[in-house]
Amino acid sequence: MSSSKNINTATDSNFDQDVLACSQLAIIDFWAEWCGPCRLLGPTIEKIADEYEGKIKVFKMNVDENPATPSQFQIRGIPTVIFFKEGKVVDQLVGNHPREAIIETLQKHL
């Protein structure tokens, strides 16, 4: 799944208390095992999680194992990275974006 200790696993059952109640900016990567672009994005998300340790919380959610949350946020394509601040969606990137684009979006909300 992830080699970074800074990546948390989000599930349908822990989403509200771990992601929505997070006091820091939280980003969540919605992915699936079979998704090629998701696997390409994974290492980028891990690097960002390590670089921004203590400043943001990073989560990954497997959409096949957790169908409720992705449908709640109308996720149509993966990978989708959603940025949450104080329990609200503040930004969203769909597809495998370069690191710079993710960092730029992150910086807007820090």
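Below is a summary of the structure that appears in this document. All values derive from a computational prediction rather than experimental measurement.

Here we come to the pairing of strand 3 (residues 56-62). With six of seven residues buried, strand 3 is to be regarded as a mostly interior element. One ladder, built from seven bridges, connects strand 2 (residues 25-31) with strand 3; its direction is parallel. Paired with Ile-27 across the two strands is Val-58, which belongs to strand 3.

Here the structure, examined in full by the defined rule, presents three aromatic pairs. Between the aromatic rings of Phe-15 and Phe-73, the centroid separation amounts to 5.5 Å while the plane-to-plane angle is 55°, which identifies the pairing as tilted. With Phe-15 in helix 1 (residues 15-20) and Phe-73 in the loop between helix 3 (68-72) and strand 4 (80-85), this pair connects stretches of sequence that are 58 residues apart. Side by side, Phe-15 and Phe-73 carry an identical accessibility label, which is buried. On the numbers, 5.6 Å between centres and 75° between planes, the contact of Phe-15 with Phe-84 is edge-to-face. Of the two residues, Phe-15 sits in helix 1 while Phe-84 sits in strand 4, which places them 69 residues apart along the sequence. Accessibility assignment for this pair places Phe-15 and Phe-84 in one class, buried. An aromatic cluster of at least three residues, connected via ring pairs, comprises Phe-15, Phe-73 and Phe-84. Of note, Lys-60 hangs over the ring of Trp-31, and the distance from its end group to the ring centre comes to 5.4 Å.

All right, on to the pattern of salt bridges then. Using the criterion set out here, one finds four salt bridges in the structure. Residues Glu-53 and Lys-5 are paired through a salt bridge, measuring 3.3 Å at the closest nitrogen-oxygen approach. Placement of the pair is Glu-53 in the loop between helix 2 (36-51) and strand 3 and Lys-5 in the segment before strand 1 (7-9), with a sequence separation of 48 residues. Relative accessible area serves as the criterion here: at 66%, Lys-5 is assigned to the exposed category.

On to helix 2. Given a rise of 1.5 Å per residue, 16 residues ought to cover 22 Å, and the 24 Å separating the end C-alpha atoms of helix 2 matches this to within 8%. Buried within helix 2 we find Cys-38, Leu-41, Gly-42, Thr-44, Ile-45, Glu-46, Ile-48 and Ala-49. Contacts from the buried residues of helix 2 go to strand 1, strand 2, strand 3, strand 4 and helix 4 (99-109).

With that settled, the discussion passes to the sheet that holds strand 2. Backbone-to-backbone hydrogen bonds join strands into a sheet, with any given pair of strands oriented parallel or antiparallel. One open sheet holds the five strands; their spatial order is 1-3-2-4-5, and the pairing between them is mixed. Each having just a single partner strand, strand 1 and strand 5 (88-94) make up the two edges of the open sheet. Strand-to-strand twist in this sheet, taken as the mean axis angle between neighbours without regard to direction, amounts to 25°. Running at roughly 170° to strand 5, helix 4 makes contact with strand 2, strand 3, strand 4 and strand 5 of the sheet.

The rules behind each value
Residues numbered from 1 in each chain as written. Predicted model: local features only at pLDDT ≥ 70, side-chain atom pairs only at ≥ 80, totals over all residues. Heavy atoms only, no water. Buried < 20%, exposed > 50% of the residue type's maximum accessible area, 1.4 Å probe, protein only. Helix = DSSP H or I, 4+ residues; strand = E, 2+ residues; numbered from the N terminus. Pairing = 2+ DSSP bridges. Phe/Tyr/Trp six-rings, centres within 6.5 Å; stacked < 30°, edge-to-face > 60°. Lys NZ or Arg CZ within 6 Å of the ring centre and 35° of its normal. Salt bridge = Lys/Arg side-chain N within 4 Å of Asp/Glu carboxyl O. Expected span 1.5 Å × (residues − 1). Contact = heavy atoms within 4.5 Å. Axes fitted to C-alpha atoms, helices over the stretch in contact; angles between N-to-C directions.

Keep in mind these values describe shape, not function.
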